[in-house]
Amino acid sequence: MSAMVQLLPMMEVVYNRKKATYFKMAHSNLRGTHVVAVNHIQAGAVVLIEKALHIQPTKNHPSLSVDPEYQSLIGILDGGSTSAASSTCSSTAHKDAVGRLAELNATAYVQGSKQKDEIWQLEDSHRQARVGDTVKIHGLASEAGKKLNGKYGEISKKDEKDENRFGVMVAMGAKNNKKSKSKSVLRSIKPCNLKTLGGIMRTNAYHDGSLEANLLFKELCRINHACGDAANVNRTIHQGKVYVVAKRDIADGEELLIDYLPLATELGRDRLELLHNMFNFWCQCSEHQQLA
Ligand SMILES: C[S@@+](CC[C@H](N)C(=O)[O-])C[C@H]1O[C@@H](n2cnc3c(N)ncnc32)[C@H](O)[C@@H]1O
């Protein structure tokens, strides 16, 4: 057992005794939802202990093994010949297959979760929905569009009149997809207004090596990134829980920032590109402002 893991029970005791509130959620166009200190936080303080909202094993969901689309995707990834698509195997086909498989897994695993609604609240920074994906509509601006915000649907095809939009079968009458009898209507929607569960996983999931799973958290997943020394909190994830500790004193009003890539210590273009590929943002933290 690592030294850090041995300290976790003691952290729980300290955290459960704490009197002060450490942070609140805030929102801005530039930072999205983010987390801000509401009191001075001392170096070493246990700022947050939280149980995962969602625990998704890294292995593929068992129900997928009987899904023909799954078989075809595995064929593409293996470079085998189980589908017509595999004969045109290219890096784009491979990348698409990885993305679609991630989507099928996230959908299968989240389907049975009691926390489904809270999971859908989290951000999808990628917004790379594809035909067949289950989606949640988000961020529409016009009055007509706003009426669709928060609704769920399934992408049935590319829009025939505008190839930059999707035809989405939107479940009307219910704000979520619990009511099986809700009526569906076809609406034309831009990909930037469609969140998917695969995108939510890619934007937010933290790996838990002790469970061989990827986890989502309600509060941890709202903490934005900063590289290396620019981050002011550290996390340890173990057995489905996260323990967040202040690396240094944090002033009242300061944003809490965590390094999403704590093991990739080198700061530079490669790190920026890795962050961009994984989370779809160009890092502007204090370590990187001079490189931007
Ligand atoms: C785990 S979420 C963090 C919370 C997110 N801001 C939200 O609205 O829910 C990760 C996403 O937040 C945004 N983000 C995090 N750190 C950022 C940073 N340093 N600069 C710009 N965007 C950042 C990116 O869109 C990233 O994909």
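Just so we're clear, the structure is a prediction, and the values are computed from it rather than from any experiment.

**With respect to the pairing of strand E11 (residues 213-216)**
Link 1 in the chain: Here four bridges tie strand E4 (residues 54-57) to E11, and the two strands are oriented antiparallel to one another. Paired with Pro57 across the two strands is Ala213, which belongs to E11.
Link 2 in the chain: The pairing of strand E10 (residues 206-208) with E11 spans three bridges and is antiparallel. Among the inter-strand pairings, Tyr206 is bridged to a residue of E11, identified as Leu215.
Link 3 in the chain: Taken together, E10 and the strand that follows it, E11, pair antiparallel across an intervening segment of four residues, in which Glu212 is found at a positive phi of about 50 degrees.

**Quick word on empty space enclosed by the protein**
Link 1 in the chain: Following the criterion strictly, the structure yields one cavity of 30 Å³ or more and no others.
Link 2 in the chain: Size it by volume and the largest cavity reaches roughly 70 Å³.
Link 3 in the chain: What lines the largest cavity is simply Gly99, Ala102, Glu103, Asp124, His126, Arg127, Gln128, Arg130, Thr196, Gly198, Gly199 and Arg202.
Link 4 in the chain: The set of elements that each furnish at least two residues to the lining of the largest cavity consists of helix H3 (91-111) and helix H6 (197-204).
Link 5 in the chain: Partitioning the lining of the largest cavity into residue classes produces one nonpolar, six polar and five charged.

**As for the nonpolar core**
Link 1 in the chain: Core analysis: the largest hydrophobic core is formed by 54 residues, its most contacted members being Ile41, Val47, Tyr206, Phe217, Leu220 and Leu256.
Link 2 in the chain: For this core, the element with the highest residue contribution is strand E14 (residues 241-246), accounting for five residues.
Link 3 in the chain: Composition of this core by domain shows at least three residues from each of domain 1 (3-52 + 217-291) and domain 2 (65-200).
Link 4 in the chain: The contact partners of Leu220, leaving out residues within four places of it in the chain, are Leu48, Glu50, Tyr206, Ile237, Val242, Val244 and Ile258.

**Quick look at the packing of H3 against H6**
Link 1 in the chain: Where H3 meets H6, the closest approach of the two axes is 7 Å, and the angle between their N-to-C directions is 95 degrees. Comparing the axis directions of H3 and H6 gives the class roughly perpendicular. Residues Ala102, Glu103, Ala106, Thr107 and Val110 of H3 pack against Leu197, Gly198, Gly199 and Met201 of H6.
Link 2 in the chain: Considering only residue class, the contact of H3 with H6 consists of five nonpolar, three polar and one charged.

**Some words on the domain arrangement of the protein chain**
Link 1 in the chain: What the domain assignment reports for the protein chain is domain 1 (3-52 + 217-291) and domain 2 (65-200).
Link 2 in the chain: Distance from the C-alpha centre of domain 1 to the C-alpha centre of domain 2: 30 Å.
Link 3 in the chain: With eight residues of domain 1 in contact, the opposing surface of domain 2 contributes six residues.
Link 4 in the chain: Contact between domain 1 and domain 2 buries roughly 510 Å² in total, counting both sides, with carbon and sulfur atoms accounting for 44%.
Link 5 in the chain: When the buried area of domain 1 at its contact with domain 2 is split by residue, Lys218, Arg222 and Asn280 rank highest and sum to 67% of it.
Link 6 in the chain: Here domain 1 is connected to domain 2 by one salt bridge.
Link 7 in the chain: Between Lys218 and Glu118 there is a salt bridge whose closest N-O contact spans 3.1 Å.
Link 8 in the chain: Summed over the shared surface of domain 1 and domain 2, the number is four residue pairs in polar contact (both at pLDDT 80 or more).
Link 9 in the chain: A per-class count over the side of domain 1 that touches domain 2 returns four nonpolar, two polar and two charged.

Definitions and limits used
- Residues numbered from 1 in each chain as written.
- Predicted model: local features only at pLDDT ≥ 70, side-chain atom pairs only at ≥ 80, totals over all residues.
- Heavy atoms only, no water.
- Pairing = 2+ DSSP bridges.
- Helix = DSSP H or I, 4+ residues; strand = E, 2+ residues; numbered from the N terminus.
- 1 Å grid on protein atoms, 1.4 Å probe; cavity = no way out; pocket = protein on both sides within 12 Å on 5 of 7 lines; lining within 4 Å.
- Points joined across faces, edges and corners; volume = space filled by probe spheres on them.
- Nonpolar A, V, L, I, M, F, W, Y, C, P; charged D, E, K, R; others polar.
- Core = buried A, V, L, I, M, F, W, Y, C linked by side-chain atoms within 4.5 Å.
- Buried < 20%, exposed > 50% of the residue type's maximum accessible area, 1.4 Å probe, protein only.
- Domains from an automatic or database assignment.
- Contact = heavy atoms within 4.5 Å.
- Axes fitted to C-alpha atoms, helices over the stretch in contact; angles between N-to-C directions.
- Parallel < 35°, antiparallel > 145°, perpendicular 65-115°, else oblique.
- Buried area = accessible area lost by both parts, 1.4 Å probe.
- Salt bridge = Lys/Arg side-chain N within 4 Å of Asp/Glu carboxyl O.
- Polar contact = N/O pair within 3.5 Å; in protein donor to acceptor, adjacent residues only side chain to side chain.

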